[in-house]
Amino acid sequence: MKELLYGVAYYDEYMPYDRLDEDIRMMKEAGINVVRIAESTWSTHEPQNGVFDFSSVDRVLNAMHEAGIRVIVGTPTYAVPTWMAKEHPDVLAVTARGPGKYGARQIMDIANPAYLFYAERIIRKLIGRVCGHPAVIGYQTDNETKHYDTAGPNVQLLFVKYMRDTYGSLDEVNRLFGLDYWSNRINAWEDFPSVVGTINGSLGAEFAKFQRKLAADFLAWQAAIVNEYKRPGQFVTQNFDFEWRGYSYGVQPAIDHFAASEPFDVAGVDIYHPSQDELTGIEIAFGGDMTRSLKGRGYLVLETQAQAFPHWTPYPGQLRLQAFSHLASGANMVAYWHWHSIHNSFETYWKGLLSHDFKPNPVYNEAKTIGADFARLSGDLLNLKKSNLVAVMVSNEALTAMEWFKLPDGRTYNDVVRALYDELFKMNVECDFIQPSSDRLNAYKLIVVPALYAVADDCLERLNDYVRGGGHVVYSFKSGFADERIKVRASEQPGIIHEACGMTYSMFVTPNRVGLKGELVAGMDGETRAESWMELITPTTAEALAYYDHPHWGEYAAVTRNRYGSGTATYIGCMPGAAVVSRILEGAVREAGLGGADQELAFPVIARSGTNAEGRKIRYYFNYSGDEATFVYPHGAGIELLGGAAVASGQRLELAPWGVLIIKE
Amino acid sequence: MKELLYGVAYYDEYMPYDRLDEDIRMMKEAGINVVRIAESTWSTHEPQNGVFDFSSVDRVLNAMHEAGIRVIVGTPTYAVPTWMAKEHPDVLAVTARGPGKYGARQIMDIANPAYLFYAERIIRKLIGRVCGHPAVIGYQTDNETKHYDTAGPNVQLLFVKYMRDTYGSLDEVNRLFGLDYWSNRINAWEDFPSVVGTINGSLGAEFAKFQRKLAADFLAWQAAIVNEYKRPGQFVTQNFDFEWRGYSYGVQPAIDHFAASEPFDVAGVDIYHPSQDELTGIEIAFGGDMTRSLKGRGYLVLETQAQAFPHWTPYPGQLRLQAFSHLASGANMVAYWHWHSIHNSFETYWKGLLSHDFKPNPVYNEAKTIGADFARLSGDLLNLKKSNLVAVMVSNEALTAMEWFKLPDGRTYNDVVRALYDELFKMNVECDFIQPSSDRLNAYKLIVVPALYAVADDCLERLNDYVRGGGHVVYSFKSGFADERIKVRASEQPGIIHEACGMTYSMFVTPNRVGLKGELVAGMDGETRAESWMELITPTTAEALAYYDHPHWGEYAAVTRNRYGSGTATYIGCMPGAAVVSRILEGAVREAGLGGADQELAFPVIARSGTNAEGRKIRYYFNYSGDEATFVYPHGAGIELLGGAAVASGQRLELAPWGVLIIKE
Amino acid sequence: MKELLYGVAYYDEYMPYDRLDEDIRMMKEAGINVVRIAESTWSTHEPQNGVFDFSSVDRVLNAMHEAGIRVIVGTPTYAVPTWMAKEHPDVLAVTARGPGKYGARQIMDIANPAYLFYAERIIRKLIGRVCGHPAVIGYQTDNETKHYDTAGPNVQLLFVKYMRDTYGSLDEVNRLFGLDYWSNRINAWEDFPSVVGTINGSLGAEFAKFQRKLAADFLAWQAAIVNEYKRPGQFVTQNFDFEWRGYSYGVQPAIDHFAASEPFDVAGVDIYHPSQDELTGIEIAFGGDMTRSLKGRGYLVLETQAQAFPHWTPYPGQLRLQAFSHLASGANMVAYWHWHSIHNSFETYWKGLLSHDFKPNPVYNEAKTIGADFARLSGDLLNLKKSNLVAVMVSNEALTAMEWFKLPDGRTYNDVVRALYDELFKMNVECDFIQPSSDRLNAYKLIVVPALYAVADDCLERLNDYVRGGGHVVYSFKSGFADERIKVRASEQPGIIHEACGMTYSMFVTPNRVGLKGELVAGMDGETRAESWMELITPTTAEALAYYDHPHWGEYAAVTRNRYGSGTATYIGCMPGAAVVSRILEGAVREAGLGGADQELAFPVIARSGTNAEGRKIRYYFNYSGDEATFVYPHGAGIELLGGAAVASGQRLELAPWGVLIIKE
């Protein structure tokens, strides 16, 4: 990127009356310098099979160009026109819930050739038409692409072929997936049943992996088409999204972000998060750290909230805090979904920067200050580089495994990921995300591994090597339990990593009013409960940091640390509360020789930093609370970019409620 | 009506043994003077296709006539015989949940011609046979008719034709319903998808309106057939029911009572309500006010509870209280569903006046006193007229709109209606119900408008005119927000009525521990929370009666009142608790120059009144509690009809627990 | 049986590597003397249609025989192979939820002839092959057999034929089942609709009864086939299971244990129960008393838990306590499901005696002590005989009736059964279970009858006779309410038994903060609430033990006792709390002249006893708590078998936490 992008999604097609000139006038006033268009309106651009009408695209491109606003054009493939569903009902995905019904977006079978034929045609028509337009800086393929649970007969057949290609023989499949159980054994390829009803978690998880592959393949196919048209200086991106719990929560189950981001020039993402009294910055940082990690560089926030839901409409100051929070994670673009609130259909209460009345409002007015600051500070804040020494290892396979085998209290993989990530965030330890297959383990001093339930042997061996060579790892319970096909390891548990961890267990139970005891929790009255799960750990060479406080299980360790080679491996056998997790991670950070002045601060005062293109250190300080905060600035003298004041090392600084300071050192 | 009717539904067909003579003897003893028959037993009267057997009808008619008990005959069309479902499976409605299954009542497609053919034939056979019988005083068409969610392919096709007839062109449909959104645009009539899967609230709501029209058309069709047979002095009615929450709760979503009641001579209804400690009289008054408003005159309570469910079996005195409560709202008939408790099938625990043992029981014994009083006082209590000056404006379209766009805490349209109606009831302000299309606004001094979410421009303009001309209106939040197709108004909010209300808002949020402050709530400690919803109101000419008590939203008004022309418009921007609603309505009643002696009383002492045929004022006083109550009678001297005592103005009167007094002034 | 069996289910087919010799070595070490095999692995034994491979069966049989471990061979019919589902999709049961999907076990239509053809063939192949093997001591047919909700078109047709065979004419069916209601009348056999959608509880319950008959017929058919191969000394058994609420809770709804156990030599069962702090012994005793009652003699616990779920992994001592608890109810076999924890598929967290690592663990180590004790004490503990004088009368028909007509708070038949059974258990009153059709009423002094909602006249008359002749009965509410087709009796309630009970009621209500008052609850402050249901009882000749404490219902009795002939009949009109139930049952036990020294003890100290083959009294004392307990041994001198110490009458004995003592008198 050459400058910070401040944008909105813009839908000329949805307007109740012609607003283009007035909208552009108001955008300019707010410093909006990019819009994203066209990704949702296939039926407008192709009103009938083979009949095309790009007039709304043309007029928006021309008007934006005239105003100096750049445009990202989306391929409109994630929402299919009525004519297609009527002419070819089988483009609608058959899922485990039955045949599809027309209406929503993201309801098609991404493996259906009729759909693919029409998708390719509209992509070529649209991108071929706009690629030479001077307003266009890039393309988004599809939108929030996932596999949409497609599981119809054709997908089942593809899956059988995938299984044969992958495993060769049914004997191998039966063995690896344990199909003798409950008479599920398959003895002829023709007998392979639809896995929609399977109770075999190994097989079900392999199908989920196959579905994620379909989604990634679909994106790669689109990117290749768009790349044929891409001009120098233009980019192709994709808008990834996260596990959705009413907001962006965690690792995405229905597509593998690492694999799927491969063919793109730049990673894009949408991040939606709780706001008002619940604004913590965690989801912004989580989504940002994840997306930055995909390609190891700056990314685009293609969508985030302006007013959005009634429970998200920001308090004064929060829109600014949010915008700079994205930059602090390495974003080069912050764009709102969307410019104007929609008057019909479904997302009426997902409001844009403008209300339904298109009038300036407090949120829009605050956006104007952001636009101005982005323009003024673009040179300082663009292309922030990070060299984090801590990584969190995440895995789609582990996530799916824990969907099949949930924790007794219903917690899932992402709950464990977040329990660990959130504490790192709150103690101001910035991190990257990596996958188990990563070949860059040695780039980090500390790797945090939440619930790595299903994983191949060689990844665990690599982690053992990493510790032996001086790395530090924190594992949670369940790590190493099963192989990549969710076959539980028949060896000692935790599988393979017990070597580096210096402990083992063969029994696990559900905690019921179980506390912790021992050094780790010294002085912590209350709040030391083991939750969700407890493995009854027997240390071999490890030190027990905590034991269970229970009349029958009190002899077993709950948390251990082992020196192994030149590193340490910490193992957490249960889900402790946040305070204990924090203490464990603090210890690990200390062991890893990390921790510095920013780690003396703590939530709600959050420090994030990086290096800009000139090689200058840029330090963000955020106050995620409605109360004023102060802190002593611990780094070298610099200038506070928003206010322009000089800042001395050791100076006490004030953060307004929901305030932000940016210091260039 | 010529006399008060006291009745029961009677099913000779369900009897475990021949009880007709003994039942009639017991009915006579209880003063039962009317029975309703035949509406549920098609398969008994037409055991095979085209084979008829009306022997149970004949014998009941003859025996009742001999005993001087009148009969209302129902058309048995709401429950189809087994032979029809087997011969023509497509008479079962296909709904969004899939194909129908035989078993329950109300499962047929009311647009299916096979069903209509058979329905017409049984109606003509039955009504043609009984119309000349001297026992018959009237007819009920079908029962609790609704659209039963019918949404199969034939209904979808009818809907497409309805859309073309209504809107002419698809361009118009696309524009009005916002179909460009998510590629839902329809560019050829053949492409019109089934709306069963639609996510477009505008289109979905239009389909619901179309379904309600199917139900009203069906009833009109039946009424026309029955009218061919009706003799002078006989009437045709329909048994309407309300939104069901385990009892009759609010406006009926699946048929428009106002439109559907058009072809009938008299409105009929069933009203079921909480009882025992939860008996408040509100549902009786709500259902009565609504049904009386349909045709502006007396109505029939065709069904209400005797013993019914185990949690409704009345305490001593409650059956009397309930019966006279119906009369006080203008009912000319009170009938129980049903005479005897049923021994098989489904409604075994919906008990009748008699238990399964057919023996006299405490509830039956109390009914005997009611029957005697009805007979004795019929001349005084029949045909009670009301000239209410307060109306509540309700709308099926607004109800459906809020099903699509629920309040964040799940509250629905009827929750808002009831929140306002209940407080009017409790402060003894009697009211009518009107629809937004009413041309009788000026008959009222005060109109209360709950959540009029979706409504045509001209209705809102008429309301502005009404205020300008001296009327008083109380609006709740959401009123005027969208047009009749749920397109949110792009003008200032609240749409159109902001003119009369003298305020506007462009942001709304979910309240989270938000109180109210200001004049309106002076002295109310606690209980002033804003719930469900809050619009951030900026008064223009209005006076702010209350503001939000919140660190960030405290500058915005919550409740406003505006003088506009000669009237006032009050706007409530959030859902306050009952006490605050009560205060707002009290103020509005005062502004409207209403309020009198009965409004000094309050729940649980409830006053309701009207004028009888002789033009004498009849005043009911009810005690909806298990404790004795006293009050000073504030009106002119009269006679208490139940006890026969003279009553002087200003006399202190006693109400027994669950007691009732009726004073003829 | 000739000796106590201590066993495990063993699946050579599921092993991740060859473990047979090592497993047998470890089994021998633990005293395991029997394994159950083959019941889940049809697809392994018949990998293709008509191709058989019993190598895993052969090798296990041979190895076990060599080690002196006996084998029970199961027919593998409850889980169908993939080839069968692919070749004949209609073997999958169509249920009320729609067509079946391949994956789980127990998904087939047990009335489907293709399934039956293949089932017979595999049974004959497998049993014919193994019957002569010296390791085989018996057979299990199928597993946890139920009707699996099979309700497809063929089953509907069978049901129509069953109805015609049973009732002869449709007039009779219409009358008995009340089909006139809601036009459900059937006037030609061809019109008989699928009952899948029926709302008629009588018809629905008859279908459920028919489904249970299908399941029992299926088992009888299997047993007849296996009997053709059975050699002298071998037995045929079935593994019954109970209503499942995450553990074995109550009477099984989907098969009639009494009818289905008929063709078997010995009754078998699985019993799973809460553990850790929730281990009470009740489910073990309930399942044991029920299964012993099926054939009136010793039974096999074919499955129970070892480690099982994380919330069941036993505390030290509990595995022993559980094992001897089974013996104390009359079991001759205790077998764990299963030997080893499974590495793939579905039941990964239902752990066996071994963890996934196959290593010795604390639970396995405790099993070793049990195996040793079983071997040592087999002569003393085998074939325990009971001559209980108390019986609990249970009924599948009553259970189904209460599924159709649930109590207002959702409690079901089994909740009432357990409310009464649990108190008998806790007061150390051992009991049998009988059905209403039992001809052995006079074998008991006291019969407890929970909620006998649907029952034929003659059963109730027999109960009246029983009381008249000196028997004692305790009825709960709802008993006698309806006949065997759930037609509510039109006579006085409770139907027929009101004669012996000396009371009647015609109204019933839902209790809402209703207490009890009267002699029965004297001195019980608090905890005397009527829950779920209350019948408003008027005693005729009965004594009222308690009345309702309520302003309006206070005149009605809640609990009555009547002397009738030489016996007494107690009637409980509501669901009281446990303490009141206990008091009522104590009174009835006293009236019946029962009660002795063991009844002075109470939970958590539980006494169970019987007579062994030598005619010696064997007395078990259990401590179902984590605290030590002591008691005075009240019987004749004997020897404590586990420790070997002599015990004197009147000696104070100590029970360790979760401890057990066994005294041979």
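Residues numbered from 1 in each chain as written. Chains lettered and ligands numbered in written order. Predicted model: local features only at pLDDT ≥ 70, side-chain atom pairs only at ≥ 80, totals over all residues. Heavy atoms only, no water.

In the nomenclature of an unreviewed UniProt entry, chain A corresponds to Beta-galactosidase from the organism Paenibacillus arenilitoris. UniProt annotates chain A under Catalytic activity (unreviewed entry) with the comment "Hydrolysis of terminal non-reducing beta-D-galactose residues in beta-D-galactosides." Its UniProt record, at the heading Sequence similarities (unreviewed entry), says of chain A: "Belongs to the glycosyl hydrolase 42 family." (UniProt positions renumbered as here; feature names shortened; annotations may be inferred.)

Points about the sheet that holds strand S1 (residues 5-9) of chain B
In sheet architecture, strand pairing relies on hydrogen bonds along the backbone and comes in two forms, parallel and antiparallel. All names here are of chain B. One closed barrel holds the eight strands; their spatial order is S1-S2-S3-S4-S5-S8-S9-S10, and the pairing between them is parallel. Geometrically, the sheet is characterised by an average inter-axis angle of 30° between neighbouring strands, direction not taken into account. Pairing geometry for S1 and strand S10 (residues 331-336), over four bridges, is parallel. Across the sheet, residue Val8 finds its bridge partner in S10, namely Tyr336. Contacting strand S3 (70-74) and strand S4 (136-140), helix H5 (residues 113-130) crosses the sheet at an angle of about 165° to S3. The strands touched by helix H12 (residues 362-381) within the sheet are S1 and S10, with S1 carrying the most contacts at an inclination of about 140°. (Pairing = 2+ DSSP bridges. Helix = DSSP H or I, 4+ residues; strand = E, 2+ residues; numbered from the N terminus. Axes fitted to C-alpha atoms, helices over the stretch in contact; angles between N-to-C directions. Contact = heavy atoms within 4.5 Å.)

A look at the relation of the copies chain C and chain B
Expressed as a screw operation, the relation of chain C to chain B combines 0.0 Å of axial shift with a rotation of 120°, fitting to an RMSD of 0.0 Å. Read as a symmetry element, the transformation amounts to a three-fold axis. Minimal C-alpha distance to the rotation axis in chain C is attained by Gly98 of chain C, lying at 6.4 Å. (Least-squares fit on C-alpha atoms with pLDDT ≥ 70 in both.)

Thoughts on the interface of chain C and chain B
Counting residues at the interface gives 51 residues for chain C, matched by 51 residues for chain B. Of the roughly 4000 Å² buried between chain C and chain B, counting both surfaces, carbon and sulfur atoms make up 55%. Among the residues of chain C in contact with chain B, Tyr181, Trp182 and Ser183 of chain C are the three that bury the most area, contributing 19% of the side total. On inspection of chain C and its partner chain B, the count reaches zero salt bridges. (Buried area = accessible area lost by both parts, 1.4 Å probe. Salt bridge = Lys/Arg side-chain N within 4 Å of Asp/Glu carboxyl O.)

A word on the domain arrangement of chain A
Residues and elements named next belong to chain A. The domains assigned to chain A are domain 1 (390-593) and domain 2 (600-664). Put simply, the middle of domain 1 and the middle of domain 2, counted by C-alpha atoms, are 33 Å apart. Residue-level contacts link six residues of domain 1 with nine residues of domain 2. Between domain 1 and domain 2 lies a buried interface of about 640 Å² when both sides are counted; carbon and sulfur atoms form 46% of it. Summed over the three residues of domain 1 that lose the most area to domain 2, namely Phe425, Asn428 and Glu430, the buried surface amounts to 76% of that side. Seen at the junction of domain 1 and domain 2, the total is one salt bridge. For the salt bridge of Arg608 with Glu430, the shortest nitrogen-to-oxygen distance reads 3.7 Å. Inspection of the region where domain 1 meets domain 2 yields five residue pairs in polar contact (both at pLDDT 80 or more). (Domains from an automatic or database assignment. Polar contact = N/O pair within 3.5 Å; in protein donor to acceptor, adjacent residues only side chain to side chain.)

Description of the side chain of Gln156 of chain A
Tracing the sequence through the fold places Gln156 of chain A in helix H6 (residues 153-167). Setting aside residues up to four positions removed in sequence, Gln156 of chain A forms contacts with Ala151, Pro193, Ser194, Val195, Val196 and Phe207 of chain A.

Side note on the interface of chain C and chain A
If you look at the interface, chain C gives 51 residues, while chain A gives 51 residues. Taken together, the two surfaces of chain C and chain A that pack against each other cover about 4000 Å², and 55% of this comes from carbon and sulfur. For chain C, the biggest contributors to the area lost against chain A are Asn344, Ser345 and Tyr349 of chain C; these three give 17% of the whole. Where chain C packs against chain A, one counts zero salt bridges. On the surface where chain C and chain A come into contact, there are 28 residue pairs in polar contact (both at pLDDT 80 or more). Contributing elements (two or more residues each) for the side of chain C that touches chain A: helix H2 (42-45), helix H4 (82-87) and helix H12 (362-381) of chain C.

Quick look at the UniProt feature "active site" (unreviewed entry) in chain A
Residues and elements named next belong to chain A. The sites that carry the UniProt feature "active site" (unreviewed entry) are, in the present numbering, Glu144 and Glu303. What stands out for the annotated residues spanning 160 residues is how close their C-alpha atoms remain, the widest pair being 10.5 Å apart. Counting through the fold element by element, Glu144 comes out in the loop between strand S4 (136-140) and H6. Setting aside its immediate chain neighbours within four residues, Glu144 contacts Arg105, Gln106, Gln238, Asn239, Asp241, Asp270 and Glu303. With respect to the helices and strands, Glu303 occurs in strand S9 (residues 299-304). If sequence neighbours within four positions are ignored, Glu303 has contacts with Arg36, Asn143, Glu144, Asn239, Val269, Asp270, Ile271, Tyr272, Ala335 and Trp337.

Looking at the UniProt feature "domain: Glycoside hydrolase family 42 N-terminal" (unreviewed entry) in chain A
In the UniProt entry, the feature "domain: Glycoside hydrolase family 42 N-terminal" (unreviewed entry) is given for residues 10-375 of chain A. Along residues 10-375 of chain A one finds 41% helix and 12% strand; the C-alpha atoms at either end are 20 Å apart.

So, the environment of Tyr571 of chain B
Residue and element names in this part refer to chain B. The residue Tyr571 is located in strand S20 (residues 567-572) in this model. Note on Tyr571: relative accessible area 0%, which makes it buried. Separated by 95 residues in sequence, Tyr571 and Ser476 have C-alpha atoms that sit 5.8 Å apart. A polar atom in the side chain of Tyr571 sits 3.4 Å from the backbone nitrogen of Lys478. Side-chain polar atoms of Tyr571 contact the side chain of Glu535, separated by 2.6 Å. (Buried < 20%, exposed > 50% of the residue type's maximum accessible area, 1.4 Å probe, protein only.)

Some thoughts on the pattern of salt bridges
Applying the stated criterion to the full structure yields 141 salt bridges over all chains. In this structure, Glu430 of chain A engages Lys386 of chain A in a salt bridge whose closest nitrogen and oxygen atoms are separated by 2.4 Å. Of this pair, Glu430 of chain A sits in the loop between helix H14 (413-426) and strand S12 (432-434) while Lys386 of chain A sits in the loop between helix H12 (362-381) and strand S11 (390-393); the two residues are 44 residues apart in sequence, bridging distant segments of the chain. Classification of Glu430 of chain A by relative accessible area gives buried; the value is 13%. Note on Lys386 of chain A: relative accessible area 16%, which makes it buried. For Arg468 of chain C, the salt bridge identified is with Asp465 of chain C, shortest N-O distance 2.7 Å.

Brief notes about the sheet that holds S4 of chain A
All names here are of chain A. One closed barrel accounts for eight strands, arranged S1-S2-S3-S4-S5-S8-S9-S10; its pairing is parallel. Strand-to-strand twist of the sheet, defined as the mean angle between neighbouring strand axes without regard to direction, takes the value 30°. Summarising the sheet, strand S1 (residues 5-9) and strand S2 (residues 34-37) pair through three bridges and their orientation is parallel. Note that in S2 the partner of Ala9 across the bridge is Arg36.

As for the pairing of S4 of chain B
Successive side chains on a regular strand alternate, one facing one side of the sheet and the next facing the other. Residues and elements named next belong to chain B. Taking burial as the measure, the five residues of S4 include five buried ones, the bulk of the element. When S3 meets S4, the two strands line up parallel, connected through four bridges. Within the sheet, the bridge partner assigned to Ile72 lies in S4 and is Gly138. Here three bridges tie S4 to strand S5 (residues 235-240), and the two strands are oriented parallel to one another. Bridge assignment links Tyr139 to a residue of S5, and that residue is Val236.

Let's talk about helix H3 (residues 55-67) of chain A
Residues and elements named next belong to chain A. Under the 1.5 Å per step criterion, the end-to-end length of H3 is 18 Å for 13 residues, consistent within 8% with the ideal 18 Å. Ser56, Val57, Val60, Leu61, Ala63, Met64 and Ala67 are the residues of H3 that are buried. The inward-facing, buried residues of H3 abut helix H1 (20-30), S2, helix H2 (42-45), strand S3 (70-74), helix H5 (113-130) and S4. (Expected span 1.5 Å × (residues − 1).)

Side note on the environment of Pro89 of chain C
Residues and elements named next belong to chain C. Within the fold, Pro89 resides in the loop between H4 and helix H5 (113-130). Given the relative accessible area of 53%, Pro89 is considered exposed. In this structure, the C-alpha to C-alpha distance between Pro89 and Phe425, residues 336 residues apart in sequence, is 47 Å.

Here we look at unusual backbone geometry
Residues Gln493 of chain C and Pro494 of chain C are joined by a peptide bond in cis, for which omega reads -5°. Relative to the helices and strands, Pro494 of chain C is located in the loop between strand S14 (472-476) and helix H16 (498-501). Here Phe603 of chain C and Pro604 of chain C are connected by a cis peptide whose omega angle stands at 10°. Located in the positive-phi region is Ser183 of chain A, a residue other than glycine, with phi close to 65°. With respect to the element layout, Ser183 of chain A can be found in the loop between helix H7 (170-177) and helix H8 (201-229).

Some details on the nonpolar core
If you look at the biggest cluster of nonpolar residues, it comprises 714 residues, and the most contacted ones within it are Val73 and Tyr453 of chain A, Val73 and Tyr453 of chain B together with Val73 and Tyr453 of chain C. Ranked by the residues each element gives to this core, the list is headed by H8 of chain A, at 13 residues. Not counting the four nearest positions on each side in its chain, Tyr453 of chain A is found in contact with Ala398, Ala401, Met402, Phe405, Lys478, Ser479, Gly480, Phe481, Ala482 and Ile486 of chain A together with Tyr349 of chain C. (Core = buried A, V, L, I, M, F, W, Y, C linked by side-chain atoms within 4.5 Å.)

A closer look at the packing of helix H14 (residues 413-426) of chain B against helix H17 (residues 578-591) of chain B
Residue and element names in this part refer to chain B. Between H14 and H17, whose axes approach to 9 Å, the crossing angle comes to 65°. Considering the angle they form, H14 stands roughly perpendicular to H17. Regarding H14 and H17, the two cross each other, and that crossing is right-handed. Residues Ala419, Leu420, Glu423 and Leu424 of H14 lie in contact with H17, whose contacting residues are Ala578, Val581, Ser582 and Leu585. In terms of residue class, the contact of H14 with H17 is made up of six nonpolar, one polar and one charged. (Parallel < 35°, antiparallel > 145°, perpendicular 65-115°, else oblique. Left-handed = near helix turned anticlockwise from the far one by under 90°. Nonpolar A, V, L, I, M, F, W, Y, C, P; charged D, E, K, R; others polar.)

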